[in-house]
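In case you want the letters, here they are:
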Amino acid sequence: MPAVSSAATPADEPATDEPATDEPTVLIGALPPMWLRDNCPCPECRDPHSGQKLFQITDLPRELAVASATPREDDGAAVTEVVWSPDGHRSRYPAQWLLAHRPGGTAEPDPRSEAGKQLWRAADLAGALPQADWATYLAVPAERARILQAVQRLGFALLRAVPTEEGQVLAVAETFGFVRETNYGRLFDVRVEPNPDNLAFSAARITPHTDNPYRDPVPTVQLLHCLSNAAEGGDSGLVDGFQAAALLREEDPEAFAVLTRTPVPFVYRDARTELTALRPLIGTDPLGRIREVRFNNRSIGTLRLPAAELDAFYTAYRTFAELLLRPGLQLDFRLAPGDCLVFDNTRLLHARTAFEQSGARHLQGCYADLDGLAGTLAVLRRGAALDELHGLDELAELLAGPGAAEYLGEPVTIAQHMLQAGALAEAAGAPAHLVAAALLHDIGHFQGPVSGRELMSGTDNRHSHTGADLLARWFGPEVTEPVRLHVAAKRYLCAVEPGYRARLSEASEYTLQVQGGPMDETEAAAFAALPGAADAVAVRRWDEQAKDAEATAPDFEHFRPLLTALLRR
Ligand code: OGA
Ligand code: ZN
Ligand code: ZN
């Protein structure tokens, strides 16, 4: 059990703190009192049925302090009982909860911003489209979770063999959320119409765009279900708008800044409808991270700004538009009857090539929202909580089995190396997610199609990616992304830090070459701009040190409470 100790001296109670152990420790006295009290789980503070808070922040004493903190047990589970000064209120915090929620070095990534996404270019998805068969998707909760997670992390997924019946697209939306009805109806038909109000309903080429930018709030999910596609042309394309925006930020920071701060009027008009929204092309969150892309050449209205700002906007708009069309970004594919594309309309841009006017091409579309999708995914994961506990057993077995048997040219086994890395992170006082990332960073050597041994004979096994993908079954991006980037972090550090490369072990120098060598200047700048770069660099430094034949490290079980607290629910 994790030990909990108090830095506050119990005034009127005997000193009950357990002696220090080597378990992770949460110091109650170091926690902000208002934060801790606001999270009191007692039935006076929270409605036991709904879990909603029963008090106002203004009800709490201004000079709130922990009078005492005592380790106790509730039904066999370790808790810390806090007595509050000056009001004498008592709170009991499960040790598990304290460990999972202790204030860490980095804030929880907003899953809607770039910090919660895996950005991609077409080649990253080659041969690995996120897709599932409709029947399996319906029947197997884990498959539904995988697809919804793909929409969340990659921005889209493709369902195959959805019955080619009219209205079926609504049934797809209803598996994860609520249909958003608009002036186009609950669903809309995408096929050639005489005198179309929207060019989507013609045979013309449609360049990469997001839908309904003239709506605020914009529909955040779009579905397109293919009923027939027998026309010449009419191929589909998807572009990761967050990737494009991140490239713009790196290559032309001024253009990026202009597009995040210039409100653009988007307009739609037909006989019955008049819609306008005034929003920037690139929306950022309070931390300045990319959170929304709105891009649609068809519906940008007339901007009203001082002339100099208009010039700056048009220069930046053009640069971004050129970037969106840059070869390599767009994923090209063709929808076949029965395919249903589900995508994030705040991030991905979709496109189609022109098609033969007389050809039979018919899609049906509808809109829904990401909050509902995220909620459905979270509920699916609740059911998977038990699997997750088995997941820790799976990781323990990988370490105890192949991990304890294999070496990668170092004097320690891969398992010893990983355990040492975890121990170094813990000793450095790293937040729990980084201890976990350091501990698990090389798990991919036992996972992907190419083994660690093959890496040592010259084939890159992409173990940071296969490892991160495996870990994503149980952990959030705060754990998986430093793992994914730990090889890139080596290539980065070798490029930017004098003397770093010379300190690499012989095996690590060898794999550096297999993995592409030190980054060039552009790559290094792009890496440094990633939201997870600092975490990945921290993991990398422990990785380099964790090769000591003399060092002893705790075993996997030592880390189990910390890992359990990080499992996503
Ligand atoms: C749309 C659209 C793409 C297509 O209807 O919003 O962009 O493949 N359609 O026809
Ligand atoms: Zn569209
Ligand atoms: Zn390593």
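All of these numbers come straight from a predicted model, not from anything done at the bench.

A. Just the overall build of the chain, in detail. Along the chain, the regular secondary structure elements total 20 helices and 19 strands. Seen through its C-alpha atoms, the chain measures out along the principal axes to roughly 85 × 65 × 55 Å. Buried positions account for 52% of the 569 residues belonging to the chain. Sequence separation of at least 24 residues holds for 73% of the intrachain contacts in the chain that already meet a minimum separation of 6. Counting only carbon and sulfur atoms, one obtains 52% of the accessible surface of the chain, whose full area is about 25,600 Å². Positive and negative side-chain charges in the chain, numbering 52 and 78 respectively, have mean positions lying 5 Å apart.

B. Broad picture of the nonpolar core. Core analysis: the biggest nonpolar cluster contains 54 residues, and Phe-156, Leu-281 and Phe-320 have the highest contact counts within it. Not counting residues up to four positions away in its chain, the partners in contact with Phe-156 are Trp-120, Leu-125, Leu-129, Pro-130, Ala-150, Val-151, Leu-238, Leu-331, Leu-341, Val-342, Phe-343 and Leu-348. Ala-415, Ile-443, Leu-471 and Val-479 belong to the second-largest nonpolar core, a separate cluster that totals 39 residues.

C. Spatial organisation of helix H19 (residues 533–545). Helix length check: H19 (13 residues) gives 19 Å between terminal C-alpha atoms against 18 Å at 1.5 Å per residue, within 8%. Where H19 is concerned, the buried positions are Ala-533, Asp-535, Ala-536, Val-537, Val-539, Arg-540, Trp-542, Asp-543 and Glu-544. On its buried face, H19 is in contact with helix H11 (414–427), helix H12 (432–440), helix H15 (477–484), helix H16 (486–496), helix H17 (506–514) and helix H18 (521–529).

D. Structural context of the packing of H11 against H19. At a minimum axis distance of 8 Å, the contact between H11 and H19 shows a crossing angle of 125°. Here H11 is positioned oblique relative to H19, judged by the angle of their axes. In this structure, H11 crosses over H19, and the sense of that crossing is right-handed. Note on element contacts: H19 touches H11 through Trp-542, Asp-543 and Gln-545, opposite His-417, Gln-420, Ala-421, Leu-424 and Ala-425. Partitioned by chemical class, the residues of the contact of H11 with H19 number four nonpolar, three polar and one charged.

E. Local environment of the coordination of the zinc ion (ligand 3). In the first shell of the zinc ion (ligand 3), the protein supplies His-417 (NE2), His-441 (NE2), Asp-442 (OD) and Asp-543 (OD), at 2.0 to 2.3 Å from the metal. Around the zinc ion (ligand 3), the four donor atoms sit at angles spanning 82 to 170°, and that spread fits a shape best called irregular. Read in sequence order, the donor residues for the zinc ion (ligand 3) give the motif H-x23-H-D-x100-D. Of the two residues, His-441 and Asp-442, neither departs from the other in class, the shared state being buried.

F. Summary view of the site of ligand 1. Taken together, Val-190, Ala-200, His-209, Asp-211, Gln-222, His-350, Arg-352, Arg-361 and Leu-363 are the residues near ligand 1. Within the contact set of ligand 1, an oxygen atom lies 2.7 Å away from a side-chain nitrogen or oxygen of Arg-352. In the complex, 97% of the free accessible area of ligand 1, which totals 290 Å², lies under the protein chains. Within the residue set of the shell around ligand 1, elements represented by two or more residues are strand E18 (348–352) and strand E19 (361–368).

G. Molecular detail of the coordination of the zinc ion (ligand 2). Only His-209 (NE2), Asp-211 (OD) and His-350 (NE2) from the protein reach the zinc ion (ligand 2) as donors, at distances of 2.1 Å. Sequence spacing of the donor residues for the zinc ion (ligand 2), all on one chain, is H-x1-D-x138-H.

H. Main features of the environment of Thr-511. Looking at the element boundaries, Thr-511 is found in helix H17. The buried category is assigned to Thr-511, whose relative accessible area is 8%.

I. View of helix H20 (residues 556–566). Of all the eleven residues making up H20, nine are buried; the element is thus mostly covered by neighbouring parts of the structure. The complete set of buried residues in H20 reads Phe-556, His-558, Phe-559, Pro-561, Leu-562, Leu-563, Thr-564, Ala-565 and Leu-566.

J. Representation of the pattern of salt bridges in the model. Within this structure, the stated rule accounts for 34 salt bridges. A salt bridge links Arg-289 to Asp-285; its shortest N-O distance comes to 3.0 Å. Residue Arg-289 is classed as buried on the basis of its relative accessible area of 19%. On the accessibility criterion, Asp-285 (8% relative accessible area) is buried. Between Glu-497 and Arg-541 there is a salt bridge, and its shortest N-O distance comes to 2.8 Å. Taken together, the residues span a long stretch of sequence, with Glu-497 in the loop between H16 and H17 and Arg-541 in helix H19 at a distance of 44 residues. Here the salt bridges do not stand alone but share partners, grouping Arg-72, Asp-74, Glu-81, Arg-90 and Arg-92 into one network.

K. The arrangement of the sheet that holds strand E9 (residues 206–209) in detail. The sheet built from four strands is open, its strands ordered E9-E18-E11-E16 with antiparallel pairing. If you trace the sheet from one side to the other, it starts and ends with E9 and strand E16 (331–333), each paired once. Adjacent strand axes in the sheet meet at a mean angle of 15° when their direction is disregarded. As defined by bridge partners, E9 adjoins E18 across two bridges and the pair is classed as antiparallel. Bridging from a neighbouring strand, Ile-206 pairs with Arg-352 of E18.

L. Region of interest: the domain arrangement of the chain. According to the domain assignment, the chain contains domain 1 (23–100), domain 2 (115–368) and domain 3 (385–566). If you average the C-alpha positions of domain 1 and of domain 3, the two centres end up 35 Å apart. Between domain 1 and domain 3, the residue contacts involve five residues of the former and six residues of the latter. Where domain 1 abuts domain 3, roughly 490 Å² becomes buried across the two surfaces, and 67% of that area is made up of carbon and sulfur atoms. Across the contact surface, domain 1 and domain 3 share zero salt bridges. For the pair domain 1 and domain 3, the number of links is zero residue pairs in polar contact (both at pLDDT 80 or more).

About the cut-offs
- Residues numbered from 1 in each chain as written.
- Chains lettered and ligands numbered in written order.
- Predicted model: local features only at pLDDT ≥ 70, side-chain atom pairs only at ≥ 80, totals over all residues.
- Heavy atoms only, no water.
- Helix = DSSP H or I, 4+ residues; strand = E, 2+ residues; numbered from the N terminus.
- Buried < 20%, exposed > 50% of the residue type's maximum accessible area, 1.4 Å probe, protein only.
- Contact = heavy atoms within 4.5 Å.
- Areas by Shrake-Rupley, 256 points an atom, 1.4 Å probe, with all protein chains shown as cover.
- Lys, Arg positive; Asp, Glu negative; His and termini not counted.
- Charge placed at Lys NZ, Arg CZ, Asp CG, Glu CD.
- Core = buried A, V, L, I, M, F, W, Y, C linked by side-chain atoms within 4.5 Å.
- Expected span 1.5 Å × (residues − 1).
- Axes fitted to C-alpha atoms, helices over the stretch in contact; angles between N-to-C directions.
- Parallel < 35°, antiparallel > 145°, perpendicular 65-115°, else oblique.
- Left-handed = near helix turned anticlockwise from the far one by under 90°.
- Nonpolar A, V, L, I, M, F, W, Y, C, P; charged D, E, K, R; others polar.
- Donors = N, O, S within 2.8 Å, 3.2 Å for Na, K, Ca; no water.
- Tetrahedral: all angles 85-135°; square planar, octahedral: opposite > 155°, others 65-115°.
- Near = heavy atom within 4 Å.
- Polar contact = N/O pair within 3.5 Å; in protein donor to acceptor, adjacent residues only side chain to side chain.
- Salt bridge = Lys/Arg side-chain N within 4 Å of Asp/Glu carboxyl O.
- Pairing = 2+ DSSP bridges.
- Domains from an automatic or database assignment.
- Buried area = accessible area lost by both parts, 1.4 Å probe.

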